[in-house]
Amino acid sequence: LVEDDEWLGLGMELAIVLRSAIRESTKGSVREFIGKDEYEFGDVSVEADKRVKAAVAELRGKSEYELGDLSKALDQIAKDEVCKLAGKEPGEYEFGDLSIEIDKRVKAA
């Protein structure tokens, strides 16, 4: 019984140490992510928003994000992929290219 209590106590101490190590590691990661020493509620969301908007602006070749940029970027990516499927150069997309390509491939099969 004494041995069981010792193992149980050791297990609890290890759990406390592990929990503390995880907490401190998380704090360090959050500090690094948000670029501040002190966390305030919402800091992670604000920083994530900034990073996503910067990435979308870069994808669009712009210096600053504007509402609708993500939709436009995804639209252009989709159209360029349809052009690849249809054997066209990117930027030459015309409405109906995907339907025409699917129709050709179904008839060829």
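Here is what the cut-offs are and how they apply
Residues numbered from 1 in each chain as written. Predicted model: local features only at pLDDT ≥ 70, side-chain atom pairs only at ≥ 80, totals over all residues. Heavy atoms only, no water. Helix = DSSP H or I, 4+ residues; strand = E, 2+ residues; numbered from the N terminus. Rg over C-alpha atoms; globule rule 2.2 N^0.38 Å. Patch = residues over 30% accessible without salt bridge, like charges linked within 9 Å, V, L, I, M, F, W, Y side chains within 5 Å. Areas by Shrake-Rupley, 256 points an atom, 1.4 Å probe, with all protein chains shown as cover. Salt bridge = Lys/Arg side-chain N within 4 Å of Asp/Glu carboxyl O. Buried < 20%, exposed > 50% of the residue type's maximum accessible area, 1.4 Å probe, protein only. Lys, Arg positive; Asp, Glu negative; His and termini not counted. Charge placed at Lys NZ, Arg CZ, Asp CG, Glu CD. Polar contact = N/O pair within 3.5 Å; in protein donor to acceptor, adjacent residues only side chain to side chain. Contact = heavy atoms within 4.5 Å. Axes fitted to C-alpha atoms, helices over the stretch in contact; angles between N-to-C directions. Parallel < 35°, antiparallel > 145°, perpendicular 65-115°, else oblique. Left-handed = near helix turned anticlockwise from the far one by under 90°. Nonpolar A, V, L, I, M, F, W, Y, C, P; charged D, E, K, R; others polar.

*Asks:* Would you mind showing me how to read the overall build of the protein chain here?
*Replies:* Looking only at helices and strands, one finds four helices and zero strands in the protein chain. When the elements of the protein chain are put in sequence order from the N terminus, they spell out α-α-α-α. For the protein chain, the C-alpha radius of gyration of 27 Å lies well beyond 13 Å, the compact-globule estimate for 109 residues. Projecting the C-alpha coordinates of the protein chain onto the three principal axes gives extents of approximately 80 × 45 × 20 Å.

*Asks:* Explain a nonpolar patch on the surface here, please?
*Replies:* Together, L59, L70, L74 and I77 line one region of the surface with nonpolar side chains, adding up to about 360 Å² of accessible area. It is helix α3 (residues 69-86) that contributes the most residues to the nonpolar patch, three residues altogether. Summarising the element assignment, L59 is placed in helix α2 (residues 43-60). Here L59 falls in the exposed class, since its relative accessible area comes to 52%.

*Asks:* Even after reading the chapter, I still don't get a negative patch on the surface, so can you show me in this structure?
*Replies:* A surface patch of negative charge is lined by E3, D4, D5 and E6. The residue E6 is located in helix α1 (residues 2-34) in this model. Overall, the relative accessible area of 53% leaves E6 in the exposed class.

*Asks:* What should I look at first to understand the pattern of salt bridges in this one?
*Replies:* Here the idea is simple: oppositely charged side chains can pair when their charged atoms come close. For the structure on display, the rule yields 14 salt bridges. In this structure, D69 and K62 form a salt bridge, with 3.0 Å as the shortest nitrogen-oxygen distance. A residue is classified by how much of its surface remains accessible, and D69, at 1% relative accessible area, is buried. Overall, K62 belongs to the partly exposed group, its relative accessible area being 27%. Among the charged side chains, a salt-bridge network with shared partners connects R60, K62, E66 and D69.

*Asks:* Explain the side chain of E101 to me, please; I cannot follow it from the model alone.
*Replies:* Note on placement: E101 falls in helix α4 (residues 97-108). A polar side-chain atom of E101 sits 2.9 Å from a polar atom in the side chain of R105. Residues in contact with E101, not counting those within four places in the same chain, are L85 and A86.

*Asks:* Help me understand the side chain of D97 in this model?
*Replies:* In this structure, D97 sits in helix α4. Here E94 takes part through its backbone nitrogen, which lies 2.8 Å from a polar atom of the side chain of D97. Apart from the residues lying within four places of it in its own chain, the contact partners of D97 are V82, K88 and E92.

*Asks:* Whenever I open this one, the packing of α2 against α3 confuses me. Can you help?
*Replies:* Each pair of packed helices gets described by two things: the angle between the helix axes and the distance between those axes. The interhelical angle for the contact between α2 and α3, taken along N-to-C directions, is 45°, at an axis separation of 9 Å. Put simply, α2 runs oblique to α3. In the packing of α2 onto α3, the handedness of the crossing is left-handed. Of α3, the residues touching α2 (which contributes V56, L59 and R60) are D69, L70, K72, A73 and I77. Here the contact of α2 with α3 is built from residues that sort into five nonpolar, no polar and three charged.

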